[in-house]
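Observations on the model geometry
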Amino acid sequence: MTAMTYETLLVELKASGVLQVLLNRPDKLNAFNDTLSFELIDVLKQAEKNPEVRCVLLTGAGRGFCAGQDLQSRSFSQNDSERPHLGESIRNRYMPIILKLRTLEKPVVCAVNGVAAGAGASLALACDYRLASEHASFIQSFIKVGLVPDSGACSLLPRLVGLGRAMDLMMTGRKVSAQEALDMGMINQLLPSEELMEKAMAFSQELASGPTKAYGLLKRAVNKAMDTDLASYLSYEADLQEIAGRTDDFKEGVMAFVEKRTPVFQGQ
Ligand code: T3D
């Protein structure tokens, strides 16, 4: 096991190839200040580069998952005429995180341990698979502070739950329980809180022992399919399958099938 040192994250690379990333500002429900944003960007870049990392598991410390932007760092005085440059904040801090989660060619699992609000909800939506505890909830808080849903919410949420439900959640900013999130397809699994991390780790380990390159290509294919016409997509899919077909894991998968045994994937 290898541990990496950050101020607002606890990061540990397990022998299984799972990189566990714990958002660690529990007294602020793990809200994003600048440090947390930049540290998360850094850790995702490390995950991309390090071949020992074969799955990322993201969760939060304490009773919250992530309460979105740290609003205390956005406080105004009564007659303040200054306004923050939120476009710059989104481009420099949130955009790299969401893009890296979607384009990282390794599975990313999210264990939502508590409330996920604003950009914290978007963070969970950008992961590949969401398990949530019964204490989790999801809030599109942006409208409550007069903002547009950001960090990919307007793209990701309607695809997961449908346009009508997404508009309801984004326009009202109402809290969605873990059960409702499961019912509408926002999360993949709902678990008792005491089982969340054990089950999330077991699932992450399963993914970490899988054909890593194929997971990566699968993510590339899905990203492309969401944004292109069918004919262009089908041609792109053929290119990706050409790459997958040349991996050792494909050879191992076919040999294991023919030899009637369980494949042992090396992520190559
Ligand atoms: O600025 C930009 O760069 C633009 C990008 C914007 C992206 C966004 O995410 S906008 C949306 C920002 N987030 C929110 O609006 C959520 C604000 N938080 C809440 O509405 C509530 O805290 C929750 C519904 C999430 C949880 O409520 P509850 O009652 O369980 O907890 P609490 O008592 O409100 O919070 C506990 C502590 O966490 C508290 O600190 P204290 O008083 O004990 O010292 C609270 O202030 C702190 N906290 C919670 N959320 C934030 C926060 N501190 C800073 N920023 C937060 N977002």
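Residues numbered from 1 in each chain as written. Predicted model: local features only at pLDDT ≥ 70, side-chain atom pairs only at ≥ 80, totals over all residues. Heavy atoms only, no water.

Moving on, we get to the overall build of the chain. The helix and strand inventory of the chain stands at 10 helices and 11 strands. Considering only C-alpha atoms, the chain reaches an extent of 75 × 45 × 35 Å along its principal axes. In the chain, buried positions account for 47% of the 268 residues. Taking all contacts inside the chain whose residues are at least 6 apart in sequence as the whole, residues at least 24 apart take part in 66%. Just so you have it, the chain exposes about 13700 Å², and 56% of that area is on carbon and sulfur atoms. Averaging the coordinates of the 29 positive side-chain charges in the chain and doing the same for the 32 negative ones gives two points 2 Å apart. (Helix = DSSP H or I, 4+ residues; strand = E, 2+ residues; numbered from the N terminus. Buried < 20%, exposed > 50% of the residue type's maximum accessible area, 1.4 Å probe, protein only. Contact = heavy atoms within 4.5 Å. Areas by Shrake-Rupley, 256 points an atom, 1.4 Å probe, with all protein chains shown as cover. Lys, Arg positive; Asp, Glu negative; His and termini not counted. Charge placed at Lys NZ, Arg CZ, Asp CG, Glu CD.)

This part takes up the site of the ligand. Near the ligand, the surroundings consist of 25 residues, among which Gln69, Leu71, Arg74, Ser89 and Ala119 are the closest. At 3.0 Å, a backbone N or O of Ala67 approaches a nitrogen atom of the ligand. One of the backbone nitrogen or oxygen atoms of Ala119 is found 2.9 Å away from an oxygen atom of the ligand. The fraction of the free accessible surface of the ligand (1100 Å²) that becomes covered by protein chains is 68%. Per-element accounting of the shell around the ligand gives the leading share, five residues, to helix H2 (residues 86–103). (Near = heavy atom within 4 Å. Polar contact = N/O pair within 3.5 Å; in protein donor to acceptor, adjacent residues only side chain to side chain.)

What follows deals with a nonpolar patch on the surface. A contiguous nonpolar patch, built from Phe250, Val254, Phe257 and Val258 and spanning about 440 Å² of accessible area, is present on the exposed surface. Turning to its location among the elements, Phe250 is positioned in helix H10 (residues 248–258). (Patch = residues over 30% accessible without salt bridge, like charges linked within 9 Å, V, L, I, M, F, W, Y side chains within 5 Å. Salt bridge = Lys/Arg side-chain N within 4 Å of Asp/Glu carboxyl O.)

Here we come to the sheet that holds strand S2 (residues 9–13). The strand order across the open sheet built from seven strands is S1-S2-S3-S4-S6-S8-S11, with neighbouring strands paired in mixed fashion. Looking at which strands have only one partner, the edges of the open sheet turn out to be strand S1 (2–5) and strand S11 (189–191). Between one strand axis and the next, the sheet turns through 20° on average, direction left out of account. Direction of pairing for S2 relative to strand S3 (residues 18–23): antiparallel, over a ladder of five bridges. Paired with Val11 across the two strands is Val21, which belongs to S3. Contacts between helix H1 (residues 34–49) and the sheet are confined to S2, S3 and strand S4 (55–60), with S3 contributing the most and set at about 180° to the helix. (Pairing = 2+ DSSP bridges. Axes fitted to C-alpha atoms, helices over the stretch in contact; angles between N-to-C directions.)

Now for helix H5 (residues 163–172). Taken together, the buried positions of H5 are Ala166, Leu169 and Met170. Along the long axis of H5, the arc covered by the buried residues comes to 95°, so they all point the same way. Seen from the buried face of H5, the exposed residues on the opposite side, beyond 90 degrees, are Gly164 and Met171. Where H5 is buried, its residues touch helix H4 (153–161) and strand S10 (175–177). Of the residues trailing H5, Gly173 is marked for its positive phi of about 65°. (Arc of directions from axis to C-beta.)

Moving on, we come to the sheet that holds strand S9 (residues 137–139). With mixed pairing, four strands are arranged side by side in an open sheet as S5-S7-S9-S10. A strand with exactly one partner marks an edge of an open sheet, and here the two such strands are strand S5 (64–66) and S10. Between one strand axis and the next, the sheet turns through 20° on average, direction left out of account. The pairing of S9 with S10 spans three bridges and is antiparallel. Note on S10: the bridge partner recorded for Phe138 is Val176. Here helix H3 (residues 119–126) sits on the sheet and contacts S5, strand S7 (115–117) and S9; the angle it forms with S7, its principal contact strand, is near 100°.

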